[in-house]
Amino acid sequence: MSKTKKFKTESQKLLHLMTHSIYTQKEIFLRELISNASDAIDKRHYMSLTDPKVESDTYEIWLEPNKENRTLTIRDNGIGFSEEELIENLGTIAQSGSKQFLEKLEKEDVEIIGQFGVGFYSAFMVSDKVEVYTKSPFSEKGYKWSSNGESSYTIDETDEKEVGTKIVLYLHKDDKENDEDFSTYLETYTLKTLIKKYSDYVRYPINIMVNHGDDKKEKLEKETLNQMIPIWKRQKSEITDEEMSDFYKHQFNDYEEPLKVIHTKVEGMLTYTALLFIPSKPAYDFYSEKYEKGLQLYSKGVFIQDKNKDLIPDHFKFVKGLVDSSDLSLNISRELLQQNRQVKNIAAHLEKKIKSELELMLKNERETYIKFYEAYKNTLKYGMYDQFGMHKDILKDLIMFKTSQSDEYTTFKEYLDRKPESQKAIYFATGKSKQSILNLPQMDVMKENGSEVLLFTDEIDEFMIQVLNNYDEVPFKSVQQGEADFVDDSKKEDLKTKEKENKDILKAIKKALKDKVKDVKLTARLKDSPVCLVSGEGLSLEMEKILKSMPNQNEIKAERILEINPDHDLFKAVLSVYEKDNAKIDEYASLLYHQALLMEGLPIEDPTEFSNNLVKLMIDSSK
Ligand SMILES: Nc1ncnc2c1ncn2[C@@H]1O[C@H](COP(=O)(O)OP(=O)(O)OP(=O)(O)O)[C@@H](O)[C@H]1O
């Protein structure tokens, strides 16, 4: 009995596009169907090693053009489809590539079709009708799926016994007016050319029967159209950039060129080939929980696993690619793979390799590195912070910051090479943007001294630096935290004297502020600003803000120290008020504190008190 079902909405959209496509490169349908066939064989082969229900076979893909019926058949003996799989895989778009394509299409034009793995539906670019005959080793029955690419498809049971899939394309009529020649896909010559162009590296033979006879007597012989050498097994020098980039785009569902290709062959104790890519932009789901890192794993050219997570550390999770090793046994189970020593060793090699390639890029192709860095800096920074800094030595030379003195990025090493001998720390300041950092009162003295300050504008920055602690034994020092030991010695002396002279008022302010602050001090770090808040060592005010935005972290509080600029007119004014009427100090202390909070971008703790004090001050000053 025939069942008719409707395509899901997204599928209908994609199908509509395919059937009405004015896109010229329709030939890519063959690449898509062959790639699906090859994946299906990979799956069958892998399952045959671990599941007794699945028998292995001599794997082949066949092309069968039939001029009389105007059909082109693509046949494989891969894993096939069960009925549910037909509905799931051909009735909906579950695949990332196609989804991404549709999203992109909403914004851009149709010409990008060829750059996506649009998959099975591309068959409708060249066909009026598509039939899929299939049998899975997991179902008793075979099935026939059929559709003309409009709103629905039908599924029928068949008596097929052989495991695999046969896709029959009923090719469109030629359309001379629009220069559309669909008959060409029935010609052996065209098929040969297309296989060479798109599918030469497919690891299973793609066969066709060719007539080597003459007009009188047909003599059909099997011909294999592809070389079957995976691209990563070929000599680097023989692979063109275009071939490599095509392979990447198709294999890893990207429509942009990779930013970097790392092709490495290792022989000796450990033998493997790795072909790694850094995508130009993070994958669309890179920052979501759904993103799965991992490399494809092959053993002697035979596919084992799609995303082996153990091959790539989290801090390089943006790397896509594959590893082919002859040291891995084919029938190893996934659980065993996890503990496999070879996999661990390969992963360790790859981590070093990626690191050294990135360092080379930073040295020799700075512009490309900056592109890379802007795309993935957070991943590198989290990598430093993660696991108490376990990977900091691998990552610390890949990190860069802009500085108070330059819009160019600088590495820690470059910063140290530039800094004056007398400077004993690497200065940094934290804020939302360069401008907000430059406006910080605590930057006064830095500007005055001409000291270069790293600008920490990402939330992770301070957390990461706490873990790193120092670079080449030079400590990091926040200009917003702890002692202002960066001011020069004469100023320090001067300050000591002033603190002694103003002991009483400082005590009074501290008393007025009670437990709001840990201390009230005079400071030499301010020039134009009257007050600032700094934190003690440890948790900074910026970190407090970040932590407070997380659930259940309301109790977290950085130590607050109110610092007052003794040379500012405001301090002089407060002093004279104190001398005249020391009872007024409570209101002034509160105002100073709230002002410092505001400048720090922290919420006012008691807005009513702040407002009342301000009003009172304004009225008093008019009397
Ligand atoms: N010849 C086949 N044999 C068995 N299963 C197949 C075959 N062709 C397609 N499939 C199944 O149908 C699914 C959908 O195929 P489709 O080509 O639309 O997407 P895809 O190849 O998975 O992803 P994409 O094309 O986006 O990279 C595949 O994931 C696979 O599970």
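As the structure is a prediction and not an experimental result, all values here were calculated from the model.

*Asks:* Looking at this structure, I do not really get the sheet that holds strand β6 (residues 152–158). What am I missing?
*Replies:* Whether parallel or antiparallel, the strands of a sheet pair through hydrogen bonds between backbone atoms. An order of β1-β6-β5-β4-β7-β3-β2-β8-β9 is seen for the nine strands of this open sheet, with the pairing classed as mixed. Either end of the sheet is taken by a strand with one partner, and the two such strands are β1 (3–6) and β9 (220–224). On average, adjacent strands in this sheet sit at an angle of 20° to one another, irrespective of strand direction. As paired strands, strand β4 (residues 127–135) and strand β5 (residues 142–147) are joined by six bridges and run antiparallel to one another. Each bridged residue has a counterpart across the sheet, and for V130 the counterpart in β5 is S147. Sheet strands touched by helix α5 (residues 188–198): β2 (61–66), β3 (71–76), β8 (206–211) and β9. Its angle to β8, the strand with the most contacts, is close to 155°.

*Asks:* How should the layout of surface pockets be read in this particular structure?
*Replies:* Over the atoms, a rolling probe the size of a water molecule traces out where space has been left empty. Taken as a whole, the second largest pocket holds about 560 Å³ of empty space. Together, 26 residues line the second largest pocket, and K293, P313, D314, H315 and D386 are the ones closest to its centre. Looking at the lining of the second largest pocket, the elements with two or more residues in it are α8 (341–364) and α9 (366–389). Residue contributions to the lining of the second largest pocket peak at six residues, all from α9.

*Asks:* Just to check I follow, could you spell out the pairing of strand β17 (residues 426–430) for this structure?
*Replies:* Regular strands show a simple pattern: their side chains alternate between the two faces of the sheet. Among the five residues that make up β17, five are buried, leaving the element largely enclosed by the rest of the structure. Here three bridges tie β17 to strand β20 (residues 474–478), and the two strands are oriented parallel to one another. Looking at β20, one finds that I426 is bridged to F476. Pairing analysis gives three bridges linking β17 to strand β18 (residues 454–456), with the strands arranged parallel. Counted as the bridge partner of F428 is L454 from β18.

*Asks:* For this particular structure, what's the right way to read the environment of R366?
*Replies:* If you trace the backbone, R366 turns up in helix α9. With a relative accessible area of 27%, R366 lands in the partly exposed category. Spatially, the C-alpha atom of R366 lies 53 Å from that of A573, the residues being 207 residues apart in sequence. Residue contacts for R366: discarding those within four places in its chain leaves M361, M400, Y409, T410 and E414.

*Asks:* How do you make sense of the sheet that holds strand β13 (residues 302–308) when you look at a structure like this?
*Replies:* Pairing is mixed across the open sheet formed by five strands, whose spatial order is β10-β11-β14-β12-β13. Strands with a single pairing partner mark the edges of an open sheet, and in this sheet they are β10 (258–266) and β13. Averaged over all adjacent pairs, the angle separating strand axes in this sheet is 15°, with direction ignored. Across four bridges, the pairing between strand β12 (residues 295–299) and β13 is antiparallel. Looking at the pairing, S299 lines up with V302 of β13.

*Asks:* Sorry, what's going on with the packing of helix α19 (residues 585–599) against helix α20 (residues 607–622) here?
*Replies:* To characterise two packed helices, one gives the angle between the axes of the helices and the distance between these axes. Contact geometry of α19 with α20 gives a least axis separation of 10 Å together with a crossing angle of 120°. Of the possible angle classes, the one that applies to α19 and α20 is oblique. The two elements α19 and α20 cross, and the hand of that crossing is left-handed. Between α19 and α20, the contacting residues are E587, Y588, S590, L591, H594 and L598 on the first element and E609, F610, N613, L614, K616 and L617 on the second. Residue composition of the contact of α19 with α20, by class: six nonpolar, three polar and three charged.

*Asks:* I keep staring at empty space enclosed by the protein and nothing clicks. Help me out?
*Replies:* For the structure on display, the rule yields one cavity of 30 Å³ or more. Counted as a void, the largest cavity has a volume near 50 Å³. Taken together, T430, E462, S478, Q480, Q481, S535, S540, L541, E542 and E600 make up the full set of residues lining the largest cavity. When its residues are assigned to classes, the lining of the largest cavity shows one nonpolar, six polar and three charged.

*Asks:* Could you clarify how one ought to interpret the packing of aromatic side chains in this entry?
*Replies:* A complete count under the given rule lists 32 aromatic pairs for this structure. Pairwise contacts between aromatic rings join F286, Y287, Y291, F316, F318, Y369, F372, Y373, Y376 and Y409 into one cluster. One residue, K166, lies across the ring of Y133, its end atom 4.9 Å from the ring centre. A cation over a ring is seen here: K396 above Y471, with NZ or CZ 5.5 Å from the ring centre.

*Asks:* Help me understand the side chain of N77, please; the structure alone is not making it clear to me.
*Replies:* Among the structural elements, N77 can be located in the loop between β3 and α3 (83–90). Within polar-contact distance, the side chain of N77 engages the backbone nitrogen of E60 at 3.1 Å. In contact with N77, not counting residues within four places along its chain, are I41, R44, D57, T58, Y59, E60, V163 and G164.

*Asks:* How should unusual backbone geometry be read in this particular structure?
*Replies:* Located in the positive-phi region is F388, a residue other than glycine, with phi close to 50°. Note on placement: F388 falls in helix α9. With a phi close to 70°, N469 is a non-glycine residue in the positive phi region.

*Asks:* It is not clear to me how the domain arrangement of the protein chain should be interpreted in this structure. Could you clarify?
*Replies:* For an interface, size is often stated in terms of accessible area lost upon the parts coming together. Per the domain assignment, the segments of the protein chain are domain 1 (3–224), domain 2 (231–365), domain 3 (399–478) and domain 4 (489–622). Computed from C-alpha atoms alone, the centre-to-centre distance between domain 3 and domain 4 is 25 Å. Between domain 3 and domain 4, the residue contacts involve eleven residues of the former and 20 residues of the latter. Between domain 3 and domain 4 the total buried area reaches about 1,400 Å² when both faces are included, carbon and sulfur atoms providing 57% of it. A per-residue breakdown of the area domain 3 buries against domain 4 is headed by P441, Q442 and F463, which together make up 37% of the total. Linking domain 3 with domain 4 are nine residue pairs in polar contact (both at pLDDT 80 or more). Counting residues per element, the ones that place at least two in the side of domain 3 that touches domain 4 are α13 (444–449) and α14 (460–468). Of the residues belonging to the side of domain 3 that touches domain 4, the class tally is three nonpolar, three polar and five charged.

What counts and what doesn't
- Residues numbered from 1 in each chain as written.
- Predicted model: local features only at pLDDT ≥ 70, side-chain atom pairs only at ≥ 80, totals over all residues.
- Heavy atoms only, no water.
- Pairing = 2+ DSSP bridges.
- Helix = DSSP H or I, 4+ residues; strand = E, 2+ residues; numbered from the N terminus.
- Axes fitted to C-alpha atoms, helices over the stretch in contact; angles between N-to-C directions.
- Contact = heavy atoms within 4.5 Å.
- 1 Å grid on protein atoms, 1.4 Å probe; cavity = no way out; pocket = protein on both sides within 12 Å on 5 of 7 lines; lining within 4 Å.
- Points joined across faces, edges and corners; volume = space filled by probe spheres on them.
- Buried < 20%, exposed > 50% of the residue type's maximum accessible area, 1.4 Å probe, protein only.
- Parallel < 35°, antiparallel > 145°, perpendicular 65-115°, else oblique.
- Left-handed = near helix turned anticlockwise from the far one by under 90°.
- Nonpolar A, V, L, I, M, F, W, Y, C, P; charged D, E, K, R; others polar.
- Phe/Tyr/Trp six-rings, centres within 6.5 Å; stacked < 30°, edge-to-face > 60°.
- Lys NZ or Arg CZ within 6 Å of the ring centre and 35° of its normal.
- Polar contact = N/O pair within 3.5 Å; in protein donor to acceptor, adjacent residues only side chain to side chain.
- Domains from an automatic or database assignment.
- Buried area = accessible area lost by both parts, 1.4 Å probe.

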